[in-house]
Amino acid sequence: MINEDIPNLSAFDDESLDKAFAALATQANDDAAALDGPEAVEAFRLEWLGRKQGRLNEVSSRWLKAAPPEAKKPVGERFKTLKELVERLLDQASSAGPTDAALAAEAIDVTLPGTRRLMGAEHPITRTLNELTQIFAALGYSVGVGPEVETDFYNFESMNFPPGHPARDTQDTLVIANQERRPLRDRLLLRTHTSPVQMRTMESQPPPVRIIIPGKVHRNDAADATHSPIFHQVEGLCVDTNITFSDLKGTLDHAMKALFGSSVKTRFFPSFFPFTEPSADVQISCIFCGGKGCRKCKQSGWIELLGCGMVDPAVFAFAAEKQPAYDPKKISGFAFGMGVERIAMMKYGISEIGQFYAGDMRFLGQFV
Ligand code: PHE
C-alpha cells in the first residue's frame, strides 16, 4: 500500500523535517527519471497526486494535519515545495517525446505490403440495364420508371387484358393480400411486366414519346436454372405520327447489333400480346455459333430474345382518356420488352440465373 510508504513523524524540528522531505524529493526525482511512456507517466501521477491514496495526500494528513500548532508553518512550506517539484516533474514527463524503446515498438515496416481495398463493381444486371439504356439514350430515348406495387388497372386492364381474359393467365401474378373489398381495377399486385409504365408515361405527357423503362418485375413462377420469380425487364415505347413496323424493325436490329456486335442478324416472328397489334417475337442469330447451329440454339441458328409490336389502338384509347392527343387515327407507335437476366446470361456466359442473386463474391468478383 502506498500510504505505508509514509511513516508518521516523531519529531518536528527543522532538521528532521528537512531529512524527511528530502527523502521524498529524491524518491520523486528517481521515479520521474524512470518514466518510459504515457502509461508510466499516468501511474506516476496517481502514485504522487492521486486524490485518495496519493503520497502527497498521505503527507498532508500524516504530517501536516498531525503537526503541533507551532510546526504547521515549517511543515506547510516544505509540503508546498515538494508538491511543486512533483508537478514540475510530471509536466516535464508528459511533454517529453516518446523514449527510444517506445519509438522502436511503434516503428513501421515500410516494406510490408499495404492493405488492399476491394474495388466496387457494377452488378452484371445493373451493367446490362445501363448498357441497354445507353443504346436507346443515343437514339433520343429518355428513361422512365414506375412503381413495382402496381394496380390491376395499369398492369392489366389498361394494357388491354380485360378482367377474366385468358391472356392474364400468361403472367401468373403475385397479389397483395386483403384487397377483395376494392374494385378490381384498384387492387394492388406486384407488376408482372414493365408495360404498365407505358400507360403511366402516356397519361403524363402528350406524344411524341420515346422512352426506355428499366425495372424489376415479379411473377409467381418456380425458380429453375433460367427462371426466377423476381427478374428485370427493359421496356421501350415510341409514339409519334407515322411510326411504322419498319421503324420498329430498324430500331431493334440496331439495338441488338449495338448490344451483341455488328455481325448479329435479327428476324421477326408473328406472336401475340394483348397490347400490341401486330405482335412479334424477335430472334437474333446465335451469338455462340454465328448461326451455324449448336447446342445453345438447339441447332436452329437462332435465339429468341424479346417481344414487340405496334401499340394496339385499344391501349391508345385508354391513354386518350387523360391525354386526348393519343388519337389512334392521328398517331401510331411501337413497343418492345426484353428480359435483362436472359441477355446478361448470354453476354457473360452464365448458366444459372440464381448466380445473379446469391451474393457470392467469387461470382461477383469476375465483373470488377
Ligand atoms: N410485357 C411483355 C412481357 O412481359 C413484353 C412486351 C413488351 C411485348 C412490349 C410487346 C411489347 O412478356
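Structure: see above.
Here we summarise the structure given alongside this text. (Residues numbered from 1 in each chain as written. Predicted model: local features only at pLDDT ≥ 70, side-chain atom pairs only at ≥ 80, totals over all residues. Heavy atoms only, no water.)

Packing of helix α6 (residues 124-137) against helix α11 (residues 340-348) brings their axes to within 9 Å, and their N-to-C directions diverge by 100°. The angle between α6 and α11 places the two elements in the roughly perpendicular class. For the pair α6 and α11, contact is made by P124, I125, R127, T128, L129, E131 and L132 and by V340, E341, I343, A344, K347 and Y348, respectively. The residue makeup of the contact of α6 with α11, split by class, is 8 nonpolar, 1 polar and 4 charged. (Axes fitted to C-alpha atoms, helices over the stretch in contact; angles between N-to-C directions. Helix = DSSP H or I, 4+ residues; strand = E, 2+ residues; numbered from the N terminus. Parallel < 35°, antiparallel > 145°, perpendicular 65-115°, else oblique. Contact = heavy atoms within 4.5 Å. Nonpolar A, V, L, I, M, F, W, Y, C, P; charged D, E, K, R; others polar.)

Attention shifts here to the site of the ligand. Near the ligand there are 15 residues, and of these H193, S195, R219, Q233 and F336 occur at the shortest range. One nitrogen or oxygen atom from the side chain of H193 is found 3.0 Å from a nitrogen atom belonging to the ligand. Within the contact set of the ligand, an oxygen atom lies 2.9 Å away from a side-chain nitrogen or oxygen of Q233. The set of elements that each furnish at least two residues to the shell around the ligand consists of β5 (230-240), β8 (302-311) and β9 (332-339). When residues of the shell around the ligand are assigned to their parent elements, the largest contribution, 3 residues, is made by β9. For the shell around the ligand, the residue count by class is 5 nonpolar, 8 polar and 2 charged. (Near = heavy atom within 4 Å. Polar contact = N/O pair within 3.5 Å; in protein donor to acceptor, adjacent residues only side chain to side chain.)

Take the nonpolar core next. F136, L252, M256, F260, F336 and M338 are the most contacted members of the largest nonpolar core, which has 43 residues in total. For this core, the secondary-structure elements that each account for two or more residues are α6, β5, α9 (245-260), β7 (276-285), β8, β9 and α11. If you tally residues by element for this core, the top one is α9, at 6 residues. Each residue touching L252, except ones within four places of it in the same chain, is listed here: F136, T266, F268, V282, L306, C308 and F336. With 25 residues, the next largest nonpolar core counts L24, A28, V59 and L82 among its residues. (Core = buried A, V, L, I, M, F, W, Y, C linked by side-chain atoms within 4.5 Å. Buried < 20%, exposed > 50% of the residue type's maximum accessible area, 1.4 Å probe, protein only.)

A separate point is unusual backbone geometry. Residues apart from glycine generally show negative phi values, whereas peptide bonds are mostly found in trans. Here the bond from P207 into P208 is cis, since omega is 5°, no more than 30 degrees from zero. Among the secondary structure elements, P208 is positioned in the loop between α8 (196-204) and β4 (209-218). Residues E277 and P278 are joined by a peptide bond in cis, for which omega reads -5°. Relative to the assigned elements, P278 resides in strand β7. Although it is not a glycine, N160 sits at a positive phi angle of roughly 70°. Checked against the element boundaries, N160 lands in the loop between α7 (152-155) and β3 (188-190). With a relative accessible area of 23%, N160 lands in the partly exposed category. Phi at N178 takes a positive value of approximately 60°, unusual for a residue other than glycine.

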